[in-house]
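# Summary of structural features
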Amino acid sequence: MKKNWIVILEALIAGVLVFLLTVFGALSGLDYMVRDKVYQIPRGIDSDIKIIGIDEQTLAKYGPVGTWSRERYADLIKKLNENPDAKPTLIAFDIQFSGNVDAGDDALAAAARESGNVVTVNQLIYDDKMVRNTEGEWVTPVKGVDQPYAALKEVAEVGFSNVAQDSDGVVRRLIPSEKVAGSAAEQSGSSDSATNADGEVTYKSFASVIYDRYCELTGTTPVSIPTDKSGRSLINYSGKPGDYEHVSMADVMDGKIDTRAFKGCVILVGAYAPGMQDNFSVPTGSSQMYGVEIHANIFQSYLENRFAVNGNPVLFGLITSLIAMLLHVAFRKLKVWQSVLLLLLAVCGEVWICVLLNNGGTTFSMIYLPLIAALSFFYALAMHYAVEKARKQKVLNAFRKYVAPQIVEEISKQGDFTIKLGGENRDIAVLFVDIRGFTTMSEALEPETVVEILNEYLSLTTKSIFDNSGTLDKFVGDATMAVFNSPFDLPDYEFKAVCAAMDIVKGGEELEKVLFEKYGRSVGFGVGVNVGPAVVGNVGCEFRMDFTAIGDTVNTAARLEANAKKGQVLISDVLYERVKDRVEVKEIGQIPLKGKSNGVMVYEVTKVDR
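Residues numbered from 1 in each chain as written. Predicted model: local features only at pLDDT ≥ 70, side-chain atom pairs only at ≥ 80, totals over all residues. Heavy atoms only, no water.

## Some remarks on the overall build of the protein
Using the following cut-off: Secondary structure is summarised from DSSP: a helix means a run of H or I of at least four residues, a strand means a run of E of at least two, and numbering begins at the N terminus for each. Contact between two residues is taken to exist if any of their heavy atoms lie within 4.5 Å; hydrogens are not considered. The protein chains shown are the only cover counted for residues, whose accessible areas, like all others here, come from Shrake-Rupley with a 1.4 Å probe.
A tally of helices and strands in the protein yields 19 helices and 26 strands. Put simply, of all contacts in the protein between residues at least 6 apart along the chain, 75% involve residues at least 24 apart. For the protein, the computed accessible surface area is about 30200 Å², with 55% contributed by carbon and sulfur atoms.

## Considerations on the packing of aromatic side chains
Stated formally: Paired rings are identified among Phe, Tyr and Trp, the last through its six-membered ring, by centres lying within 6.5 Å, and are further divided according to the angle between planes into stacked (under 30 degrees), edge-to-face (over 60) and tilted (the rest). Only protein chains enter the accessibility calculation, which uses a 1.4 Å probe; a residue whose area is less than 20% of its type maximum is buried, one above 50% is exposed, and one in between is partly exposed.
The tally for this structure, following the rule as stated, stands at 14 aromatic pairs. Here Tyr-73 and Phe-93 contribute two aromatic rings whose centre-to-centre distance is 5.9 Å and whose plane-to-plane angle is 85°, an arrangement assigned as edge-to-face. Of this pair, Tyr-73 sits in helix 4 (residues 71-80) while Phe-93 sits in strand 2 (residues 90-96); the two residues are 20 residues apart in sequence, bridging distant segments of the chain. You can call Tyr-73 buried: its relative accessible area is 3%. Ring centres 5.9 Å apart and planes at 70° place the aromatic pair Phe-93 and Phe-97 in the edge-to-face group.

## A closer look at the packing of helix 16 (residues 447-467) against helix 17 (residues 493-519)
The geometry of a pair of packed helices is captured by two quantities: the angle between their axes and the separation between those axes. This is how the line gets drawn: Comment: axis = line fitted to C-alpha atoms, over the contacting stretch for helices; angle = value between 0 and 180 degrees taken between N-to-C directions. These descriptions rest on fixed angle ranges, namely under 35 degrees for roughly parallel, over 145 for roughly antiparallel, 65 to 115 for roughly perpendicular, and the rest for oblique. For a crossing to be left-handed, the near helix must be turned anticlockwise from the far one by less than a right angle; the clockwise case is right-handed. Note on residue categories: nonpolar means Ala, Val, Leu, Ile, Met, Phe, Trp, Tyr, Cys or Pro, charged means Asp, Glu, Lys or Arg, and polar means any other residue, Gly included.
Their axes nearest at 9 Å, the elements helix 16 and helix 17 cross at an angle of 155°. In terms of orientation, helix 16 lies roughly antiparallel with respect to helix 17. At the point where helix 16 passes helix 17, the crossing takes the right-handed sense. Of helix 17, the residues touching helix 16 (which contributes Thr-449, Glu-452, Ile-453, Glu-456, Tyr-457, Leu-460, Thr-461, Ser-464 and Ile-465) are Ala-500, Asp-503, Ile-504, Gly-507, Gly-508, Leu-511, Glu-512, Leu-515, Lys-518 and Tyr-519. Broken down by class, the residue content of the contact of helix 16 with helix 17 amounts to 9 nonpolar, 5 polar and 5 charged.

## Quick word on the nonpolar core
When a protein is soluble and globular, its nonpolar side chains tend to lie buried together. Put simply, the rule reads: The term nonpolar core refers to a set of buried residues drawn from Ala, Val, Leu, Ile, Met, Phe, Trp, Tyr and Cys, joined through side-chain atoms within 4.5 Å.
Leu-431, Phe-484, Val-527, Val-529 and Val-569 are the most contacted members of the largest nonpolar core, which has 45 residues in total. In terms of residue count, the dominant contributor to this core is helix 17 (12 residues). Of all hydrophobic cores here, the second largest spans 32 residues; its members include Ala-92, Ile-225, Leu-268 and Tyr-290.

## Examining the sheet that holds strand 9 (residues 171-174)
As a reminder of what qualifies: When DSSP finds two or more bridges between a pair of strands, those strands are recorded as paired.
In spatial order, the strands read 8-9-12-17-18; together these 5 strands make up an open sheet with mixed pairing. Looking at which strands have only one partner, the edges of the open sheet turn out to be strand 8 (164-165) and strand 18 (362-363). Here strand 9 pairs with strand 12 (residues 233-235) via 2 bridges, running antiparallel. Along strand 12, the bridge assignment pairs Leu-174 with Ser-233.

## Looking at the pattern of salt bridges
Think of it this way: side chains of opposite charge can pair up when their charged atoms draw near. Inclusion rule: Salt bridges are defined as contacts in which a side-chain nitrogen from Lys or Arg sits within 4 Å of a carboxyl oxygen from Asp or Glu.
Taken as a whole and judged by the stated rule, the model has 28 salt bridges. Its salt-bridge partner being Asp-243, residue Lys-240 comes within 3.8 Å of it at the nearest N-O pair. Residues joined in a network through salt bridges with shared partners are Asp-36, Asp-166, Asp-168, Arg-172 and Arg-173.

## Structural notes on the side chain of Thr-120
To be explicit about the condition: Pairing of N or O atoms within 3.5 Å defines a polar contact, subject to two protein rules: one partner must be a possible hydrogen donor and the other a possible acceptor, and residues neighboring in sequence count only if both atoms are side-chain atoms.
On the secondary structure map, Thr-120 appears in strand 3 (residues 118-126). Among the residues examined, Thr-120 registers a relative accessible area of 1% and is labelled buried. Polar side-chain contacts of Thr-120 include one of 3.5 Å to the backbone oxygen of Ile-95. Ignoring anything within four residues of it in the chain, the contact list for Thr-120 reads Phe-93, Ile-95, Phe-97, Pro-148, Leu-152, Ala-156, Glu-157, Val-158, Gly-159 and Phe-206.

## Concerning the environment of Asp-434
Here Asp-434 is to be found in strand 19 (residues 423-436). Residue class for Asp-434 comes out buried when judged on its relative accessible area of 18%. As for Asp-434 and Thr-461, which are separated by 27 residues in sequence, their C-alpha atoms are 9.7 Å apart. Setting aside chain neighbours within four positions, we find Asp-434 in contact with Asp-478, Ala-479, Gly-524, Phe-525, Gly-526 and Glu-561.

## Some words on the pairing of strand 26 (residues 600-608)
In terms of strand pairing, strand 24 (residues 568-572) meets strand 26 through 3 bridges, oriented antiparallel. Considered in strand 26, the bridge of Ile-571 is made with Tyr-603. In terms of strand pairing, strand 25 (residues 583-591) meets strand 26 through 8 bridges, oriented antiparallel. By the bridge assignment for strand 26, Gly-589 is matched with Val-602.

## Here's the deal with unusual backbone geometry
That bond from Ser-486 to Pro-487 is cis: its omega, 0°, falls within 30 degrees of zero. For Pro-487, the position within the fold is in the loop between strand 21 (479-484) and helix 17. Here Asn-305, not a glycine, exhibits a phi torsion of approximately 50°, which is positive. Here Asn-305 shows up in the loop between helix 10 (291-304) and strand 17 (307-310). One non-glycine residue with positive phi stands out, namely Ser-469, at about 65°. Inspection of the secondary structure assignment puts Ser-469 in the loop between helix 16 and strand 20 (471-476). By relative accessible area, Ser-469 is classed as buried at 9%.

## A short note on the environment of Val-170
With respect to the element layout, Val-170 can be found in the loop between strand 8 and strand 9. As a C-alpha pair, Val-170 and Ser-281 span 111 residues in sequence and 4.8 Å in three-dimensional space. Residues in contact with Val-170, not counting those within four places in the same chain, are Ala-164, Gln-165, Ser-281, Val-282 and Pro-283.

## Here we look at helix 10
Note that an α-helix has 3.6 residues per turn; residues three or four places apart therefore point the same way. Quick reminder of the rule: The span expected for a helix works out to 1.5 Å for each residue beyond the first.
The end-to-end C-alpha distance of helix 10 is 20 Å, a good match for the 20 Å that 14 residues give at a rise of 1.5 Å each. Of all 14 residues in helix 10, 12 are buried; the element is thus mostly enclosed. Taken together, the buried positions of helix 10 are occupied by Gly-291, Val-292, Glu-293, Ile-294, His-295, Ala-296, Asn-297, Ile-298, Phe-299, Gln-300, Ser-301 and Tyr-302. Positive phi shows up at Asn-305, right after helix 10, with a value of about 50°.

## Side note on a nonpolar patch on the surface
How we decide: Residues enter a patch when their relative accessible area is above 30% and they make no salt bridge; the linking distance is 9 Å between like charges and 5 Å between nonpolar side chains (Val, Leu, Ile, Met, Phe, Trp, Tyr).
Residues Trp-5, Ile-8, Leu-9, Leu-12, Ile-13 and Leu-17 make up a contiguous nonpolar surface patch of roughly 600 Å² in combined accessible area. With respect to the element layout, Ile-13 can be found in helix 1 (residues 2-24).

## Some words on the pairing of strand 20
By the bridge criterion, 5 bridges tie strand 20 to strand 21 in an arrangement that is antiparallel. Looking across to strand 21, one finds that Lys-474 is bridged to Met-481. Between the antiparallel neighbours strand 20 and strand 21 lie 2 residues, among them Gly-477 with a positive phi of about 65°.

## Some words on helix 2 (residues 28-39)
The end-to-end C-alpha separation of helix 2 is 15 Å, in line with the 16 Å expected for 12 residues at 1.5 Å each. The complete set of buried residues in helix 2 reads Asp-31, Tyr-32, Arg-35, Asp-36, Val-38 and Tyr-39.

## As for the side chain of Asp-105
Within the secondary structure, Asp-105 sits in helix 5 (residues 104-115). The contacts of Asp-105, once residues within four sequence positions are left out, are Arg-70, Gly-99, Asn-100 and Tyr-149.

Encoded structure:
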């Protein structure tokens, strides 16, 4: 029950984190990057939108733009309209024509009047300080408008060319229109613009004016685009930098381009050289995009009615926080592979839904749910690991009651807990030890005293077995069975078994003195050791198993122990042959053993050479 409450608390924390991050946009920079990759996938440019670029070739031919007479632009308009049957629908100049320069001003105004399809730009001048608007939001007010010279302004449609850059410098948003205080508008010569009841004049963006004029000329019904509370809309770019068909203005002026290629097209004329400082970072490519290309993308979005605004972060935060909580609970309950699959499904599902919503005009932050879900997954993975480690430690602790500690340590280092289920044939050494005189002693002493003495002796036998890397198989009353080289491989296991037997006998002599002084009773050990093949494995049934060794080798060891007197270590001739170079023995001779038709040659070990 306590564990479930902990998981619920963890899930609540995950949900709160998703909600707060979504509402406050704490990682907006990272969110922008992800949304750019997912939302801003080039969809293909409109071939009827073309760009005439003032590029390096044009500048090399005509010199810096600031030195040009505006008659050159008048000539460009005339060039594009020279074939009455192949005129472009619109000619839009992303060029600031402020103030009068020379006689070319009148030529440009005259050409624009005659063409009847020219759009140009003005420039909004923003204040350096932010103020609160009537809704309490911080905004940067417009303190003025840099308009085209009067003659051109009278004959051409005008829209502001300003683009909105996010905090990371990337142009992702469009300002379809901007309201300017009446005083600032009047100072800019905009008294002819529409003024609302608050004395504010509304200016439209360059792309918006192009679209409105295009709809007028083509008889298309214009659509209104959605905007957020700040009056902005997200641009869904159609192409990457350089995708729109663009030609050099110099080539057009020199007649190298057949102007019939512009029939029915919307032509945007603007800077197309890095030195003109009209290039910006955009979400659709690593290279920068010229302003005229950005306006082309925005205009195409108008044509396709493809804009998006930020959705309600509170609502989306509540939904994603609930999902995050459910995912966290699932991660804590499921297996690792199931959690991985669920995490992938959740992330892919959110991306898919967010893309659909964006295409429908509403965009949401998409990084916070996957981010917290991934953290939840790795946290759950760490907890699974901790639980598994604790379980293994519990297994190791249990092993320590049966197997020598050094073997347990080696297992823990290797992480190998594999013990073959069922049975396997192994060559092992088997040791049996029994307490001589225990029955008589137990009849004469109090039960508590008997148990205390028995525990002392069993502790001695266990320590001796473990000190020599043996495995404690079982206790049977006052007897102990141990095996060597099972369940794990043990080098020199035959000799280690004999050493363990001698340690038991030697330790028994010291313990006998202590117990005689304390209880007036003395007992000793008889030990039998044998070596040979045996079947090692789990013996029993499904609900009760015992890992042990069975076979003639085990039986012989037990018979040897039964024949051993107090303080004797008896070994078989098979074992003696394997360790004879390192032990001193006394030949007992061939003795009959219960259950064996032939006698067994037996030796008493008197000393071991370690």
